[in-house]
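The residues making up each chain are set out below.
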2 protein chains.
Amino acid sequence: MKIVVIGGGAAGLGVAGAAKGQDPSVETVVYTEFEDVAYSPCGIPFVHGKEIDSFERLFLATKEQYVQQGIDVHYETTVESIDLKSKSIQVKGEGWVTYDRLVLATGWDYATPDVPGTDLEGIYHVKNIRAAMEWDKYLDTVRQAVVVESGPIAMEMVSALRHRGIEVTLVDPGPWPMADVIDPDIVEPVRADWEADGVDLRFNEKVTGFVGKGGKLTHATTSFGDVPCQLAVIGSHKVANAGLARAAGIKLGSTGGIAVDPQMRTSDPHVYAAGDCAEIPHGVSNVPLQGLSGSHAYAQGKTAGINAAGGRRTHNPVYVPWGMLAGQWMIGGVSFGETLATALGLPFVTGVANGITRARYYPGVKPITVKLLVDPRSRRLIGAQMVGGEGIKERADFLGIVARTGVPIDTLATMENVYSPAIGALNEPIAMAAQAAVAKL
Amino acid sequence: MKIVVIGGGAAGLGVAGAAKGQDPSVETVVYTEFEDVAYSPCGIPFVHGKEIDSFERLFLATKEQYVQQGIDVHYETTVESIDLKSKSIQVKGEGWVTYDRLVLATGWDYATPDVPGTDLEGIYHVKNIRAAMEWDKYLDTVRQAVVVESGPIAMEMVSALRHRGIEVTLVDPGPWPMADVIDPDIVEPVRADWEADGVDLRFNEKVTGFVGKGGKLTHATTSFGDVPCQLAVIGSHKVANAGLARAAGIKLGSTGGIAVDPQMRTSDPHVYAAGDCAEIPHGVSNVPLQGLSGSHAYAQGKTAGINAAGGRRTHNPVYVPWGMLAGQWMIGGVSFGETLATALGLPFVTGVANGITRARYYPGVKPITVKLLVDPRSRRLIGAQMVGGEGIKERADFLGIVARTGVPIDTLATMENVYSPAIGALNEPIAMAAQAAVAKL
């Protein structure tokens, strides 16, 4: 049994490791265009921001470790096409290579802004670590930067650029940062924090083009005027890198990602897909989603790898607990906020609580706001939104399971909570928010 | 309707506030022996340890605030007896006072070690804030201290005394710290931390008496020898302060706490009880428990207050998420560890994972160990034990709901988790521990 994987990110390596775990006798070959696998691209903004002292620290494993695990990784190798009939792929420099099972883990790209000047020097898509090492040197020469749209990595780049003393203008067509996933009241402390730090925030405004001199970026033009800059960070949304699949005749879904069944199998029975190139249904709305986190990609890879190697695992619909650092705050949530739920026409009531993370007198205590969205008929959670100083990730994970298992809001309203001054307050904000929702219902 | 409350702690004030919330027309009178209500006794060890700069900061509300809420608090007032027939209580200096509903929130005391010398000066029961203010001055004169048994407050006092440069000997009849609630592998980092800090740790050893000179403590005698000390902190377990109830003929339970039904009503239909003086069933074993946290006391008080004022609320059995700072670590859990589950004869399999709290390269990343105990037949969680550098409280709250709602371990093994370098690792240790348990089942 030979499993061929295209892509060396979290999904692709998840596939290879899980396939070997399922059946050590399978042959696993991974093709990647890049020089490296097994590093954390999510860490790049924090090296740029100098919270992390070196790109080397982002590498998880050495190339030798994969050799020892019996995973054959072909670096800097481009796969040019897939032939489903002969179960083979065309590899640049290697010719046609056959497979028993193929797993597509081809990842994502930034949606390219459809404006003139995107080929200028100085336009940065934060993604690849080798490129980031070069860009890091370039950042030392930058005085003014534009961040185009406020995707998650862009949000982190705003902070990173400020940490380096670079003047930042954020230009976003939305009415507030990350408007597609977060509510304005929840992101307000982040906006205020950036404003206080001197970031030029331009919402409801679009970049209309990039202008340069001698091939080098000198300013961005927007729907309201020019912004001088030596750097533009592209923070547009993720699109599935599904060109190979489409060309081979594999079915894509409504997001443009590869359509898969709950075993991560594509429209071809010998081909699986996992990670940002695939789409997966949302647990509340059943709408397909694409472009989630590295942990989602890894989990999908494991499912695809186990199934490709002859096992059987089902991937559940997702509720998407998420969280991140934004300015001096942590933001996060699960599934829908008010904005998105309203747009989707989902009925809901909200429960909001402003709490604290430790006893009010204990050093390091931080504020935290929890907003819960509850379906008034089922009394189940359909989403959550949070901002605070600590404990956002753990609460988002918790509420992800609450949403998935359908814990009634009434149960959450009477939850027990740890109270110990140094680590938790008398009243847990999740319980308080649930109580507020119950009072409305 | 007149509701009389005996006790001014978290439970008693929970009663008064909730009764007023349920029906603002009720008359609520609170009797307390002490000069103060509405402070956080749990903060006392941290003022002694100088993490918190003043006892004043532990006060939550002023006496005027209770007056404004219409809650009549009688300070420094002793209730001497209860007469159920005439529905009245005998108050020192006030005579007999009638009630329509009585709520007992008389709290707890330390079990007094049955050894000679407990009346010597220098023996400290950490509980009351005014006493703590005096003891704080005394601590400046102390060079050597003995901590007798490792209850939660005693654990915090070990750290507090070390922060003040006092030599500490911990004498505990158990085989490791807090042996009744925590497993040895989980508490080992705390033990090692204290050992490295020079704490003289004596397990499987008992204090047999206190010896003094001129009425002042000079040393403790133990089953293995003498320990010179000017201070002994009593860390023995909590016992219910239920003497008034017992004398009145109200039924006590097997723990010595006041027996209550799910509405927190005692054996007398006009009398309720809440907090550490009452006992409440455990959700897994149905065994009654007594002596939980301040948030448990407050929640029980709210239930009793609502019901006493004519509402209807049911208190659920408890799963007891708990957590605290211990040395440089946070420890915590839910319900049972291996030690207690084994002692109770509960069948279980464990799943253990050693994880990290942020991306391994992100500043401030801390180790975290999660151990889950799963009933092999129902595949439900019966307990959890954790030690780590951050995020213990939030995970304990989460696992409390998992235990209460019976989320299967298989669901936990496939949980989604937030991955963002600054706030969470690729793999959530709860999910990893659940996967380890599933692999064994």
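Along each chain, residues carry numbers from 1 onward, in the same order as the chain's sequence is written. Chain A is the first chain written and ligand 1 is the first ligand written, with later ones labelled in order. Per-residue local features of the predicted model are confined to residues with pLDDT of at least 70, and side-chain atom pairs are confined, for both listing and counting, to 80 or more; whole-chain, interface and lining totals are unaffected and use all residues. Excluded from the side-chain calculation are hydrogens and water; included are all heavy atoms of the structure.

1. Some details on the overall build of chain A
The following threshold applies: Going along the chain from the N terminus, every DSSP run of H or I of four or more residues is numbered as a helix, and every run of E of two or more is numbered as a strand. Atoms considered for the radius of gyration are the C-alpha atoms alone. The globule rule reads 2.2 Å times the number of residues to the power 0.38. Classification of residues uses two cut-offs on accessible area relative to the type maximum, computed with a 1.4 Å probe and protein chains only: under 20% is buried, over 50% is exposed, and between them is partly exposed. By definition in these notes, contact holds between two residues if any of their heavy atoms fall within 4.5 Å. Reported accessibility uses the Shrake-Rupley method at a 1.4 Å probe radius. Residues are deemed covered only where the shown protein chains occlude them.
Looking only at helices and strands, one finds 12 helices and 26 strands in chain A. Relative to the 2.2 N^0.38 estimate, which gives 22 Å for 441 residues, the radius of gyration of chain A is 23 Å and therefore close to what a compact globule would have. When its C-alpha atoms are laid out on the principal axes, chain A stretches across 65 × 55 × 40 Å. Out of the 441 residues in chain A, the part that is buried amounts to 58%. Sequence separation of 24 or more characterises 63% of the internal contacts of chain A that already satisfy a separation of 6 or more. Carbon and sulfur atoms provide 51% of the accessible area of chain A, an area that totals close to 16800 Å².

2. Things to note about the side chain of A:H315
Residue and element names in this part refer to chain A. Put simply, the rule reads: By the criterion applied in these results, polar contacts are pairs of N or O atoms within 3.5 Å in which, for protein atoms, one can donate a hydrogen and the other can accept it, and in which residues neighboring in sequence qualify only through two side-chain atoms.
Within the secondary structure, H315 is located in the loop between α8 (294-308) and β22 (321-326). When its relative accessible area of 14% is taken as the criterion, H315 is described as buried. A distance of 3.4 Å separates polar atoms of two side chains, one belonging to H315 and the other to T303. Leave out the neighbours within four places in its chain, and H315 touches P262, M264, I280, A299, Q300 and T303.

3. A look at the packing of aromatic side chains
Residue and element names in this part refer to chain A. Convention followed: Classification of ring pairs rests on two measures: the distance between centres of Phe, Tyr or Trp rings, Trp counted by its six-membered ring, which must be within 6.5 Å, and the angle between planes, read as stacked under 30 degrees, edge-to-face over 60 and tilted in between.
Throughout the structure, instances matching the rule amount to 11 aromatic pairs over all chains. Each ring, one from W135 and one from Y138, has its centre 5.4 Å from the other, and the planes form 90 degrees; the classification is edge-to-face. Of the two residues, W135 and Y138 both sit in helix α4 (residues 129-139), three residues apart, roughly one turn of that helix. Among the aromatic side chains, those forming a connected cluster through ring pairs are Y124, W135 and Y138.

4. Looking at the domain arrangement of chain A
Residue and element names in this part refer to chain A. Note the following rule: Domain start and stop positions are those given by an automatic or database domain assignment. We define buried area as the total accessible area lost by two parts upon association, computed with a 1.4 Å probe and summed across both. Salt bridge, as used here, is a side-chain nitrogen of Lys or Arg placed within 4 Å of a carboxyl oxygen of Asp or Glu. Only Asp, Glu, Lys and Arg are considered charged, only Ala, Val, Leu, Ile, Met, Phe, Trp, Tyr, Cys and Pro nonpolar, and every remaining residue, Gly among them, polar.
Under the domain assignment used here, chain A contains domain 1 (2-37 + 75-108 + 238-308), domain 2 (123-234) and domain 3 (321-440). For domain 1 versus domain 2, the separation of C-alpha centres amounts to 32 Å. Each partner contributes to the interface: domain 1 provides four residues, whereas domain 2 provides six residues. Overall, the association of domain 1 and domain 2 removes approximately 470 Å² of surface from exposure, summing both partners, and the carbon and sulfur fraction of that is 52%. At the surface where domain 1 touches domain 2, the tally comes to one salt bridge. Across the pair D36 and R130 runs a salt bridge whose closest N-O atoms are separated by 2.6 Å. There are two residue pairs in polar contact (both at pLDDT 80 or more) connecting domain 1 and domain 2. Of the residues assigned to the side of domain 1 that touches domain 2, the class counts are two nonpolar, no polar and two charged.

5. A few points about the pattern of salt bridges
All names here are of chain B. Within this structure, the stated rule accounts for 40 salt bridges over all chains. Across the pair E188 and R191 runs a salt bridge, and its minimum N-O distance is 2.9 Å. Of this pair, E188 and R191 are both found in helix α6 (residues 184-196), three residues apart, which corresponds to roughly one turn of the helix. Since its relative accessible area comes to 33%, E188 is described here as partly exposed.

6. Observations regarding the nonpolar core
This is how the line gets drawn: Nonpolar core, defined: a set of buried Ala, Val, Leu, Ile, Met, Phe, Trp, Tyr and Cys residues in which side-chain atoms within 4.5 Å join the residues together.
If you look at the biggest cluster of nonpolar residues, it comprises 191 residues, and the most contacted ones within it are A:F210, A:L412, B:F210 and B:L412. Leaving out residues up to four positions away in the same chain, A:L412 has contacts with A:L372, A:F398, A:L399, A:V402, A:I430, A:A431, A:A434 and B:I401.

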